[in-house]
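Working through the structure, step by step
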Amino acid sequence: MMDNSNKQRNRSPSAVKADSLIRRVLRVGDPWNATEVAAGLKRLYSAEESALANEAAGFPVVRQINLKPAQIMRETATSKDMEQARDDVERDLNALVNNNLLKDIQPELSGWANAIRATVSDGTNSARFALDSRQRDNTFAARRSLRDFARLARYVGALSPHVNPYYRRLAQSLDEVGSVLLVMLGEQLAEAGISGSGIVLNAPASELQDRRDAIMQTLRTLIGSKNTAYGNDEWPWGMAAYRELIQRLDRNGQTDLRSILHEDNMARLLDDLLDQATIDGSKGLRAMAASAQVPLQRLQRLFLAANRKIEPEAPPIAAFLSAIQLLLDAFVMGDSASRLIYISRPSILFYGLYGLSTPQGDTQVMLELIQRRGELAARLDCLLDCDCDQNTINAQILSDKALYDIDHVIDLFIQGQQVDGIPEYRMRAFGYANFIYVILNNNHNYVPQILNDEGDSITPNWEFGWEINRIFEKVVKLLWIDRNDLDAESVSLISTIIRTTATEALCQQLLSEDSWRRLVRIMAPSCRSPKVAANLIEAVVGQAMRQIDNSIVVEDAIFNCRNMKVYTPATSEESLDTITDEGLDLRVSLSRGSQG
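Along each chain, the written sequence defines residue order, and numbers are assigned to residues from 1. This being a predicted model, a pLDDT of at least 70 is required before a residue's local features are given, and a value of 80 or more before pairs of side-chain atoms are given or counted; all residues contribute to the totals for chains, interfaces and linings. The basis for every side-chain value is the complete set of heavy atoms in the structure, and neither hydrogens nor water enter the calculation.

A look at the overall build of the protein chain
Numbering of helices and strands starts at the N terminus; helices are DSSP runs of H or I of at least 4 residues and strands are runs of E of at least 2. From N to C terminus, the protein chain includes 24 helices and 2 strands. When a residue's accessible area, from a 1.4 Å probe over protein chains only, is under 20% of the maximum for its type it is buried; when over 50% it is exposed; and in between it is partly exposed. Taken over 596 residues, the protein chain has a buried fraction of 44%. Residue contacts are defined here by distance: any two heavy atoms, one from each residue, within 4.5 Å place the two residues in contact. Taking all contacts inside the protein chain whose residues are at least 6 apart in sequence as the whole, residues at least 24 apart take part in 73%. Calculation of accessible area relied on Shrake-Rupley with a 1.4 Å probe; when residues are assessed, cover is drawn exclusively from the protein chains displayed. In the structure as shown, the protein chain presents an accessible area of about 32200 Å², 51% of it carried by carbon and sulfur atoms.

Spelled out as structure tokens, the structure:
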């Protein structure tokens, strides 16, 4: 039998492209293995399987229609939970849409119903493919949309006392679906064999091939192997940068990295790396977790050796290094897989089966937040079971907003990447904690007067029960960032970053509330003022910003949030005008100084 390893050496670029095409289309690991290629062709042309079998056996080629029995999906506890949750949503939607008291806003409620049903369907379908990062993102997006509808339902319900129970039941059912989606993600990862130490790609397998092709294209541009010639007015930046890179590797004693600057060697390294990702199921991912670090380390060493080390800086080397970094980012091992498994699987199974120990750090904070969130939701559903005054309505609206923020924080902890120091998702969670801190410490030092419908200033007030206060205190304690816990040498810089990131999270809250003002005003009755509720939330958000940074002016901060603009650099003409104007001003001032 001929040795295929000799054939694979010194392959031309066309052969490399052909091998990559066979791997991608037929989903095989070795394009030189006839058995794998034959199996791949059968999968690709499954409709011709019977005809090919007849031809191989010497019978006439007759096309037959094979009717395969429908696959019956295995019922699990989570699938039954999702079925029950979806049924609850459907019942609650019908109760609202067909309610005689809400006949005036029936078109708006019908729009809600259609959007919610589509979101639930999309989230359920994508949660079944948790190994695909794009499908995981779609699931979290569906969960976010369901949270938004639940927040709107509670908001409108608080301002509609005669139908408040109907809105809150819908919000509760939407919360059920969002929670089951998280459990489905974790169960799919666990069913695929992904343990706490396993790798979950941050990019779909199909996109990995595109990132591989980007590296190859930028490498050809860098070394000058593309069939394009430099023009008379173009400088050979790529060739100069490539020469400087080769010399730098020689000086640093890293000549082994020069081998992967050859197109065939780079293609072989990348193809070997991505072969495991094309294998269906979790076995390829688990094999990749064990073998990918060696080729990834070579790419990382090349990136570190060339990044910002080449003089003069050249666009081709920057494009090449950006393509490498984009591929490396897909293999960053985050904490989302283990945290989803912590949510979905019983804790008695963590040791041994999933390679997980007792939850610690942010994982423990996430699990406790989930517990406190459930307690808070149960308490809030009973808050307005009365003919309540304005103060109780204020408490209901603010506490519902806090519940909505805690849901955001839970998703931040699930999806966030743990890094040394304080990760960004903790800084954003700190912004939400300040909102809860302000409503918890209700006094006039925190919340100023607000305007009512007539334009008069009123003093808002609210009061929670001791059980709700206790839950809020525990949540604030979990999410608070104390300056005493920061590095003493960089406390000033870190504090600035924390303030900026936390304030940005509050800005997003304010913009979300602004987008709902008109809708709430349409759907809520006129007996309870939506304007007062919106102004109250705006005032609390503003005071939370001041709580983070006492040097800011609340009115200016809110104005800046609502008037954010995309920064675009000045054009050449604008830059020349600026330089001319500055030069003219300088000459005028110098002439005046000489005259004086």
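Picking up after the structure, the text goes on.
Quick notes on the packing of aromatic side chains
Between rings of Phe, Tyr and Trp, where Trp is taken as its six-membered ring, a pair exists when centres lie within 6.5 Å; planes separated by under 30 degrees are stacked, by over 60 edge-to-face, and by other angles tilted. Under the counting rule described, the total for this entry stands at 7 aromatic pairs. Considering the side-chain rings of tyrosine 404 and tryptophan 516, the 5.7 Å spacing of their centres and the 65° angle between planes classify their relative orientation as edge-to-face. Pair noted here: tyrosine 404 is in helix H18 (residues 390-415) and tryptophan 516 is in helix H21 (residues 491-523), with a separation of 112 residues, a long-range link. The exposure class of tyrosine 404 is buried, given its relative accessible area of 6%.

Quick notes on the state of the cysteines
Note that a disulfide, as used here, is simply two cysteine sulfur atoms within 2.5 Å. Counted according to the given criterion, the structure contains 1 disulfide. Here cysteine 507 is linked by a disulfide to cysteine 561, with a sulfur-sulfur distance of 1.8 Å. Because the sign of the S-S torsion sets the handedness, a value of about -45° for the bond joining cysteine 507 and cysteine 561 places this disulfide among the left-handed ones. Here cysteine 507 is found in helix H21, whereas its partner cysteine 561 is found in helix H23 (residues 554-562), with 54 residues between them in sequence. Using a relative accessible area of 10% as the deciding quantity, one classes cysteine 507 as buried.

Things to note about the pattern of salt bridges
Salt bridges are counted wherever a side-chain nitrogen of Lys or Arg sits within 4 Å of a carboxyl oxygen of Asp or Glu. All chains considered together, the criterion is met by 32 salt bridges. Residues arginine 251 and glutamate 244 are paired through a salt bridge, measuring 3.5 Å at the closest nitrogen-oxygen approach. Overall, the relative accessible area of 53% leaves arginine 251 in the exposed class. Across the salt bridge formed by glutamate 375 and arginine 372, the nearest N and O atoms sit 3.2 Å from each other. With glutamate 375 and arginine 372 both in helix H17 (residues 361-380) and 3 residues apart, this pair spans about one turn of that helix. Classification of glutamate 375 as partly exposed rests on a relative accessible area of 23%. Given the relative accessible area of 11%, arginine 372 is considered buried.

Comments concerning the side chain of serine 133
Its location among the elements puts serine 133 in helix H7 (residues 133-158). Judged by its relative accessible area of 5%, serine 133 is buried. In contact with serine 133, other than residues within four places in its own chain, are Leu201, Asn202, Ala203 and Pro204.

Considering unusual backbone geometry
In this structure, arginine 308 is a non-glycine residue whose phi angle is positive, near 60°. Inspection of the secondary structure puts arginine 308 in the loop between helix H13 (293-306) and helix H14 (315-329). A relative accessible area of 66% means that arginine 308 is categorised as exposed.

Here's the deal with the side chain of glutamate 263
Tracing the chain through its elements places glutamate 263 in helix H11 (residues 263-275). Two N or O atoms count as a polar contact when they lie within 3.5 Å, although within protein this holds only if one can serve as hydrogen donor and the other as acceptor, and sequence-adjacent residues are included solely when both atoms are side-chain atoms. Looking at glutamate 263, its side chain comes within polar contact range of the side chain of arginine 220, at 2.6 Å.

Digging into the confidence of the model for the protein chain
Scored between 0 and 100, pLDDT is the confidence that the predictor attaches to each residue. Per-residue confidence for the protein chain gives a mean pLDDT of 80, with 76% of residues at or over 70. Mean pLDDT in the protein chain bottoms out at helix H1 (residues 4-7), which sits at 51, and peaks at helix H6 (residues 106-127), which reaches 93. Confidence drops under pLDDT 50 across residues 67-72; counting only partners more than four residues distant or on other chains, this segment forms 0 contacts.

Some remarks on a nonpolar patch on the surface
Nonpolar side chains (Val, Leu, Ile, Met, Phe, Trp, Tyr) are joined into patches within 5 Å and like charges within 9 Å, using only residues with over 30% relative accessible area and no salt bridge. Taken together, Leu21, Val25, Leu41, Leu44 and Tyr45 make up a surface patch of nonpolar side chains, about 440 Å² in accessible area. Among the secondary structure elements, those contributing two or more residues to the nonpolar patch are helix H2 (13-26) and helix H3 (34-44).

Focus: the environment of tyrosine 425
Topologically, tyrosine 425 is positioned in helix H19 (residues 424-440). For tyrosine 425, a relative accessible area of 5% puts it in the buried group. The sequence separation of tyrosine 425 and alanine 505 amounts to 80 residues, and the corresponding C-alpha distance is 9.9 Å. Of note is the side chain of tyrosine 425, whose polar atom sits 2.5 Å from the side chain of aspartate 362.

Section: the packing of H18 against H19
Their axes nearest at 10 Å, the elements H18 and H19 cross at an angle of 165°. Between H18 and H19, the angle falls in the class roughly antiparallel. The two elements H18 and H19 cross, and the hand of that crossing is left-handed. Residue-level contacts link Leu398, Lys401, Ala402, Asp405, Ile406, His408, Val409, Leu412 and Phe413 of H18 to Tyr425, Arg426, Arg428, Ala429, Tyr432, Phe435, Ile436 and Ile439 of H19. Nonpolar residues are Ala, Val, Leu, Ile, Met, Phe, Trp, Tyr, Cys and Pro. Charged residues are Asp, Glu, Lys and Arg, and all others, Gly as well, are polar. Looking at the contact of H18 with H19, its residues break down into 12 nonpolar, 1 polar and 4 charged. Between N-to-C directions, angles cover 0 to 180 degrees, with each direction set by a line fitted to C-alpha atoms, over the stretch in contact for helices. Note on terminology: angles under 35 degrees are roughly parallel, angles over 145 are roughly antiparallel, angles of 65 to 115 are roughly perpendicular, and the others are oblique. Handedness of a helix crossing follows the sense of rotation of the near helix relative to the far helix, less than a right angle counterclockwise being left-handed and clockwise being right-handed.

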